[in-house]
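These are the residues of each chain, in order.
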Amino acid sequence: MAEVRARVQLNVGQHSHIPAEIVSFSGLKDGQEHVALIFNKADSTQDIPLIRMHSECLTGDVFHSSRCDCGEQLNECIESMHQQGGVLLYLRQEGRGIGLYNKIDAYVLQSQGMNTYEANNHLGFADDLRDFSDAVLMLNALGLSKVKLMTNNPNKLNALRDAGIEVEAVVGTQAHIKAGHVGNRSYLETKVKHGSHMLDIKKIAKPK
C-alpha cells in the first residue's frame, strides 16, 4: 500500500491560474516519481470524484507537439477538474512506456510512414508497455475506491476494474484535431482503429 508523503499547494493550467494540491507518494512499485494533482479537495469532499490517469508526454504536455493530443487532453482535464473537482494522476510513463529517447526514434519512423504502433513495434516494443498498478496504489492511498474515469482508453478502464476500483462512469475527452497538421488527425484515427480508443473523431474540440 502506498502512503501519501507530502502535499503542496500550487497553481496549474495553461495560464497557471488554477489552484491545485500536488501529492507525492512512497511505496510505489516501479520506482518512478508519480504524483497526483487534487482539485477542489476532491479526494476528501467527493464520494465519487472524477479522476484521470495521464501518462507523461514531454513533447505534448510541455512542447505542444503536433504529433499527438496529449497536451490538449491534459489542459481539458485540468479545466474540467477546476470546475467540478477531481484527481489527476500524472504517471511517468513517457511514450506509452518506451521512454523519451525511444519515442523520438519512433517519431523518425512515423515521419517515414509508419503509424505510432507500427513504429513502436519496429523498435522491438509492444503496442503499450504501461502498467497502471501504481495508479491503483495511489488511489488506494488517497482512499478512493469509487471513481468517475476521464479517458478514451479502454485499457485504463479495464486496469482499474480488474484491480477492484469501482468505475461508476466514463467521461471521454474531446478530439483535439489541430488544423493544418495531417499527422495529428492520423494519430487520433490510429488510436481509434488500432487501439480501440473510445473517441469520436467527428466531435472536434474548438481551439482556445
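The structure under discussion appears in the preceding block.
What this report covers is the structure whose coordinates are included nearby. Computed from a predicted model, the values in this text were never measured in an experiment.

If you tally the helices and strands in the protein, you get eight helices and seven strands. The buried share of the protein, taken over its 208 residues, is 48%. Considering only residue pairs separated by 6 or more positions, the protein has 64% of its internal contacts joining residues 24 or more positions apart. With the model as given, the accessible surface of the protein reaches about 10,400 Å², and the carbon-plus-sulfur share is 49%.

Throughout the structure, instances matching the rule amount to zero aromatic pairs. Between R96 and the ring centre of Y117, over which it is positioned, the NZ or CZ distance is 4.5 Å.

Taken residue by residue, a regular strand's side chains alternate between the two faces of the sheet. Relative to strand 7 (residues 166-171), strand 6 (residues 146-150) runs parallel, the two being bridged by five bridges. The residue of strand 7 that forms the bridge with K146 is E166. You can see the chain leave strand 6, run along helix 7 (residues 154-162) and come back into strand 7, and the turn it takes is right-handed.

This part covers the nonpolar core. Judged by nonpolar contacts, the single largest core of 25 residues is most densely connected at A36, M53, V87, L89 and L160. Listed by contribution, the elements that provide at least two residues to this core are strand 2 (18-26), strand 3 (35-39), strand 4 (50-55), strand 5 (86-91), helix 6 (133-141), strand 6 and helix 7. For this core, the element with the highest residue contribution is helix 6, accounting for five residues. Contacts of L160, omitting those with residues within four sequence positions, involve I51, M53, V136, L139, V147, L149, I165 and V167. In this structure, A20, L50, I78 and M150 belong to the second largest nonpolar core, which totals 13 residues.

To continue, consider helix 7. Buried residues of helix 7: P154, K156, L157 and L160, and no others. Summarising the axial view, the buried residues of helix 7 lie within an arc of 160°, below the 170-degree limit, and thus occupy one face. Turning to helix 7, the residues buried within the fold contact strand 4, helix 6, strand 6 and strand 7. Residue G164 follows helix 7 closely and has a positive phi angle near 90°.

With that settled, the discussion passes to the side chain of E56. Relative to the assigned elements, E56 resides in the loop between strand 4 and helix 2 (58-62). The buried category is assigned to E56, whose relative accessible area is 18%. One polar contact links E56 to R92, side chain to side chain, over a distance of 3.0 Å. Residue contacts for E56: discarding those within four places in its chain leaves D61, Y90, L91, R92, Q93, E94 and G95.

Cut-offs and rules
Residues numbered from 1 in each chain as written. Predicted model: local features only at pLDDT ≥ 70, side-chain atom pairs only at ≥ 80, totals over all residues. Heavy atoms only, no water. Helix = DSSP H or I, 4+ residues; strand = E, 2+ residues; numbered from the N terminus. Buried < 20%, exposed > 50% of the residue type's maximum accessible area, 1.4 Å probe, protein only. Contact = heavy atoms within 4.5 Å. Areas by Shrake-Rupley, 256 points an atom, 1.4 Å probe, with all protein chains shown as cover. Phe/Tyr/Trp six-rings, centres within 6.5 Å; stacked < 30°, edge-to-face > 60°. Lys NZ or Arg CZ within 6 Å of the ring centre and 35° of its normal. Pairing = 2+ DSSP bridges. Right-handed = clockwise from strand over helix to strand, strands pointing away. Core = buried A, V, L, I, M, F, W, Y, C linked by side-chain atoms within 4.5 Å. Arc of directions from axis to C-beta. Polar contact = N/O pair within 3.5 Å; in protein donor to acceptor, adjacent residues only side chain to side chain.

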